[in-house]
Amino acid sequence: MNYSYYPGCTLKTKARDLEESALNSAQALGVNLVEQEEWQCCGAVYPLASDEIATKLSSVRSLVAAHEKGEKLVTLCSACHQVIKRVNHDMKTKEDIRDKVNNYLQLKEDYQGESKVIHYLELLRDDIGFEALAKKVKVSLEGRKIAAYYGCLLLRPKEIMEFDDPERPTVLEDFLECLGANVINYPYKTECCGGYLSIDKEKVVQKMVNNIISSALEQGAKEIVTACPLCKYNLENSSLYNKEDISISYFTELLAEALDVDVKED
Amino acid sequence: MSREKITPDITQKETVKISEISEENILDCLQCSKCTAGCPAIHGMDILPHQVIRLLQLGQVDKLLNSETIWSCASCFTCASRCPRDVDISKLMEALRLMVIRVKGSNKLKVEKIPKLLQKNMPQQGIVSGFRKYVK
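What counts, and at which threshold
- Residues numbered from 1 in each chain as written.
- Chains lettered and ligands numbered in written order.
- Predicted model: local features only at pLDDT ≥ 70, side-chain atom pairs only at ≥ 80, totals over all residues.
- Helix = DSSP H or I, 4+ residues; strand = E, 2+ residues; numbered from the N terminus.
- Rg over C-alpha atoms; globule rule 2.2 N^0.38 Å.
- Buried ≥ 20, exposed ≤ 12 C-beta atoms within 10 Å, placed from the backbone.
- Contact = placed C-beta atoms within 7 Å.
- Pairing = 2+ DSSP bridges.
- Axes fitted to C-alpha atoms, helices over the stretch in contact; angles between N-to-C directions.
- Right-handed = clockwise from strand over helix to strand, strands pointing away.
- Domains from an automatic or database assignment.
- Nonpolar A, V, L, I, M, F, W, Y, C, P; charged D, E, K, R; others polar.
- Arc of directions from axis to C-beta.

Time to look at the overall build of chain A. The number of helices and strands found in chain A is 11 helices and eight strands. For chain A, the C-alpha radius of gyration of 18 Å lies close to 18 Å, the compact-globule estimate for 266 residues. Each principal axis of the C-alpha atoms in chain A carries an extent, and together these give about 55 × 45 × 35 Å. Residues counted as buried form 51% of the 266 residues belonging to chain A.

Moving on, we get to the overall build of chain B. The helix and strand tally for chain B stands at nine helices and zero strands. Starting at the N terminus, the α and β elements of chain B follow one another as α-α-α-α-α-α-α-α-α. Each principal axis of the C-alpha distribution contributes one length, and for chain B these read about 60 × 30 × 30 Å. The buried share of chain B, taken over its 136 residues, is 40%. Nonlocal contacts in chain B, meaning residues at least 24 apart in sequence, comprise 65% of its contacts between residues at least 6 apart.

Now for the sheet that holds strand S1 (residues 2-6) of chain A. Across a sheet, paired strands are connected by hydrogen bonds in the backbone, their directions being either parallel or antiparallel. All names here are of chain A. What the four strands build is an open sheet, ordered S2-S1-S3-S4; its pairing is parallel. Strands at the two margins of the open sheet, each flanked by one partner only, are strand S2 (32-35) and strand S4 (117-119). Averaged over all pairs of adjacent strands, the angle between strand axes in this sheet comes to 40 degrees, irrespective of strand direction. One ladder, built from four bridges, connects S1 with S2; its direction is parallel. Bridging from a neighbouring strand, tyrosine 3 pairs with leucine 33 of S2. Across the face of the sheet, helix H2 (residues 57-69) comes into contact with S1 and strand S3 (73-75) while running at roughly 170 degrees to S1.

Residues and elements named next belong to chain A. Of the two faces of strand S8 (residues 247-250), the one holding Ile248 and Tyr250 is buried and the one holding Ser247 and Ser249 is not buried anywhere. Pairing geometry for strand S7 (residues 223-226) and S8, over four bridges, is parallel. If you follow threonine 226 over to S8, its bridge partner there is tyrosine 250. Handedness of the β-α-β unit built from S7, helix H10 (residues 229-236) and S8 comes out right-handed.

All names here are of chain A. Spatially, four strands are ordered S6-S5-S7-S8 in an open sheet, and the strand pairing comes out parallel. Lying at the two open borders of the sheet, with one neighbouring strand each, are strand S6 (182-184) and S8. Within the sheet, the average angular offset between the axes of one strand and its neighbour, ignoring direction, is 35 degrees. Where helix H8 (residues 171-178) meets the sheet, it contacts strand S5 (145-148), S6 and S7, and its direction lies at approximately 155 degrees from that of S5.

Of note, the bond from arginine 156 of chain A into proline 157 of chain A is cis; its omega dihedral lies within 30 degrees of zero at -5 degrees. With respect to the element layout, proline 157 of chain A can be found in the loop between S5 and helix H7 (158-161). The backbone phi angle of serine 33 of chain B is positive, close to 75 degrees, even though this residue is not glycine. Take serine 33 of chain B: it is sitting in the loop between helix H1 (13-22) and helix H2 (34-38). Positive phi is not limited to glycine here, since aspartate 86 of chain B has a value of about 55 degrees.

Attention now goes to the domain arrangement of chain B. Each assigned domain of chain B is listed here: domain 1 (13-103) and domain 2 (109-136). The C-alpha centroid of domain 2 of chain B is placed 24 Å from the C-alpha centroid of domain 1 of chain B.

Another aspect to go through is the interface of chain B and chain A. Chain B puts 33 residues into the contact, and the matching count from chain A is 36 residues. Mapped by element, the contributors of at least two residues to the side of chain B that touches chain A are H1, helix H6 (78-82), helix H7 (89-101) and helix H9 (124-134) of chain B. No other element matches the eight residues that H9 of chain B contributes to the side of chain B that touches chain A. Split into classes, the residues belonging to the side of chain B that touches chain A amount to 14 nonpolar, 14 polar and five charged.

All names here are of chain A. Tracing the sequence through the fold places leucine 124 in helix H5 (residues 120-128). Under the C-beta neighbour-count criterion, leucine 124 is labelled buried, with 26 such atoms within 10 Å. Taking C-alpha positions, leucine 124 is 9.5 Å from leucine 29, a pair spaced 95 residues apart along the chain. If sequence neighbours within four positions are ignored, leucine 124 has contacts with Phe130, Leu133 and Phe175.

Because each turn of an α-helix spans 3.6 residues, side chains separated by three or four positions end up pointing in the same direction. Of all 11 residues that make up H9 of chain B, 10 are buried, and the element is covered over most of its length. Along H9 of chain B, the residues classified as buried are Gln124, Gln125, Gly126, Ile127, Val128, Ser129, Gly130, Arg132, Lys133 and Tyr134 of chain B. Its buried side turned inward, H9 of chain B meets helix H3 (78-93) and H10 of chain A together with H7 and helix H8 (114-119) of chain B.

The subject of this paragraph is the domain arrangement of chain A. Residues and elements named next belong to chain A. Here chain A is described as being made up of domain 1 (2-120) and domain 2 (131-259). Counting residues at the interface gives 22 residues for domain 1, matched by 18 residues for domain 2. At the level of secondary structure, the elements contributing two or more residues to the side of domain 1 that touches domain 2 comprise helix H1 (16-28) and H3. Among the residues forming the side of domain 1 that touches domain 2, the class breakdown is nine nonpolar, nine polar and four charged.

We now examine helix H3 (residues 49-57) of chain B. Residues and elements named next belong to chain B. Of all the residues in H3, the buried ones are Pro49, His50, Val52, Ile53 and Leu56. The arc enclosing the buried residues of H3, seen along the axis, measures out at 155 degrees, which places them on a common side. On its buried face, H3 is in contact with H1, H2, helix H4 (61-65), helix H5 (69-72), H6 and H7. One or two steps after H3, the chain reaches glycine 59, where phi turns positive at roughly 75 degrees.

Put into structure tokens, the structure is as follows:
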């Protein structure tokens, strides 16, 4: 099955592990993720101001390209997913934004939010199915104590993201279970890591990530998985982070491991 | 003991602008403080999230524009997702930040800071977010 794939800036640079493990795993699962031509950076944060149009254009360009090919648009980075999905929602529901964007882009046909944007985890859950995925596992993660970390951007706002229950999500746990892992539950899995605050509010971020890491450690986790490069960076900057006690990886790295798929080492 | 009922005044120029940018109705807030209870960044805030809305209702926008609070909000949307009155404070925080940085010369992130952040291995996503949030 063919999908349009939107990588985003970080997956080509600091988060190559995320992209490589995801693409190689997809191939092993018989899914064809075709990178979009001339994709542009999504901007990493959804423009919350109602009067901002320019910062939404790059997302719309990708949405239109996927629509023209008649393919679902797959994202991997939580931030890209949040931005593109919310912009698509604006195009579907906000007449003033839709009119201004369409006037600017001068497309052959007006775009009205027709594309379907899904995160890689949704592709695994809804299109492949976790039961089918479990059957493809070659190296079980049995006995590994793994905690899922969701962060903010995949879950909230729930009416727009339509991803999972924002307070009690289970998709990552279900995913880990089908790889054979011993899933560790802990209360801080949907708390914010501080995100972009690490630019100039390191102390504020430190307390936020320490809450998350200590909570996972207290419940006996040895590993944490995430879908977001900035979450990974912030968590690894926690003063409580110590590779020997707890490792942090992308969920796709564990997928590749379980499917016994090669991923290039840096 | 005397108690005085203060009627919100939302007709001030700044308040009107914030309502326009955010498209949120500050009068919907009933001060239950659920936003403050759930906010993961209050240790960096001098004014608590529910107080932000109260000050907006009272027209005291200046206090907010000069606060640490608006720069400690990580836009994690926890407040908005738990609000029983569907007020999205993250959009009000954004409008307040924009009231500051849309004024020429008031950008919050200086470009000179970027090489140091890259040295620390910060992902591009973080730096791009910073530019979008702190520079106009």
